[in-house]
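Fold and contact review
Residues per chain are reported as follows:
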Amino acid sequence: MLGVLEPYRGGDDIPLRKPEMVVGRSENNDVVLRFADVSGKHCRLVLSRGYWYAEDLGSTNGTKVNGFRTQDHRVDPGSRISFGKHEFILRYDPVKNGAQGEIPPDFLDNDVFQKSLLERAGVAKQVKSMPKTWEIQRQRGATLEELESGAGADYSNLTIDDIEFD
């Protein structure tokens with residue numbers, strides 16, 4: 001066993017038996033949590049360099065490590081991890097899991113410039129659509145592929161009112 005998810009408010013422990021496990025409401029997940037506030041595929045737990053990492057899979061209600069919403073973060077032994085409103089304590093021994101030397105980085109993704117800080121914290125708003133801008137570009141003859149890629153787009157006159165957020 002590589003670790004255990006211990007329910008914070010009591011209940012049966014959930015053993016972590018594989019180095020990569022998906023947590024969610026769907027029956028085909030490695031860890032099934034049958035709660036309405038847990039997404040179908042909520043979070044991926046990954047064992048790397050002896051430590052567990054939590055990677056949110058775009059869940060609606062988020063994944064938190066020690067009370068902070070995150071997209072990707074190391075979960076140290078004894079730390080709290082939440083899927084929606086359901087909180088667990090992650091118990092494991094990094095040395096038994098193969099850890100050597102220094103504690104690895106906080107993030108599983110080593111390319112820290114790939115995502116903004118807001119995205120890494122799980123609080124970035126996702127742009128849903130830019131209808132006014134697309135309409136203008138379509139009038140100029142832009143194809144759907146150009147619109148989706150942003151090729152040739154001029155957003156210099158774009159205001160916050162032109163953007164619709166989720």
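Whatever comes next refers back to the structure up there.
This report concerns the structure included in the present document. Just so it is clear, the model here is predicted, and its values are computed rather than measured.

**A closer look at the pairing of strand β1 (residues 3–7)**
- Of all five residues in β1, four are buried, a share of seventy percent or more.
- Across three bridges, the pairing between β1 and strand β2 (residues 14–16) is antiparallel. When the sheet's bridge partners are listed, Val-4 is paired in β2 with Pro-15.
- Counting the residues that bridge the hairpin from β1 to β2 gives six residues, and of these Gly-10 lies at a positive phi of roughly 95 degrees.
- Summarising the sheet, β1 and strand β11 (residues 86–91) pair through four bridges and their orientation is antiparallel. Across the sheet, residue Pro-7 finds its bridge partner in β11, namely Phe-88.

**Some points on unusual backbone geometry**
- One non-glycine residue, Arg-49, lies in the positive phi region at around 55 degrees.
- Mapped onto the secondary structure, Arg-49 falls in the loop between β5 (43–48) and β6 (51–56).
- Phi is positive for Asn-66, which is not a glycine, with a value near 50 degrees.
- Within the secondary structure, Asn-66 is located in the loop between β7 (63–65) and β8 (68–70).
- What makes Asn-66 partly exposed here is its relative accessible area of 34%.

**A look at the packing of aromatic side chains**
- On inspection of all chains with the given rule, the structure shows two aromatic pairs.
- Note on Tyr-51 and Tyr-92: the rings are 6.4 Å apart at their centroids and 90 degrees apart in plane angle, and the pair reads as edge-to-face. Taken together, the residues span a long stretch of sequence, with Tyr-51 in strand β6 and Tyr-92 in the loop between β11 and α1 (117–121) at a distance of 41 residues.
- Relative to Phe-88, the ring of Phe-83 has its centre 5.8 Å away and its plane inclined at 55 degrees; by these criteria the two rings are tilted. Phe-88 matches Phe-83 in its accessibility class, with the two residues each being buried.
- Taking the ring centre of Tyr-51 as reference, the NZ or CZ of Arg-74 above it sits at 5.9 Å.

Analysis parameters
- All chains use their own residue numbering, which begins from 1 and follows the written sequence.
- Predicted model: local features are reported for residues with pLDDT of at least 70 only, side-chain atom pairs are reported and counted for 80 or more only, and whole-chain, interface and lining totals are derived from all residues.
- Side-chain descriptors were evaluated using all non-hydrogen atoms of the structure, hydrogens and water having been removed beforehand.
- Throughout this description, buried means an accessible area under 20% of the type-specific maximum (1.4 Å probe, protein chains only), exposed means over 50%, and partly exposed covers the range between.
- Put simply, DSSP marks the helices as runs of H or I at least four residues long and the strands as runs of E at least two long, and each gets a number from the N terminus on.
- Paired strands, as defined in this entry, are two strands with at least two bridges between them according to DSSP.
- Only centres within 6.5 Å qualify two rings of Phe, Tyr or Trp (six-membered ring in Trp) as a pair; their planes then separate them into stacked at under 30 degrees, edge-to-face at over 60, and tilted for everything else.
- Throughout this description, the term charge over a ring refers to an Arg CZ or Lys NZ atom that lies within 6 Å of the ring centre and within 35 degrees of the ring normal.

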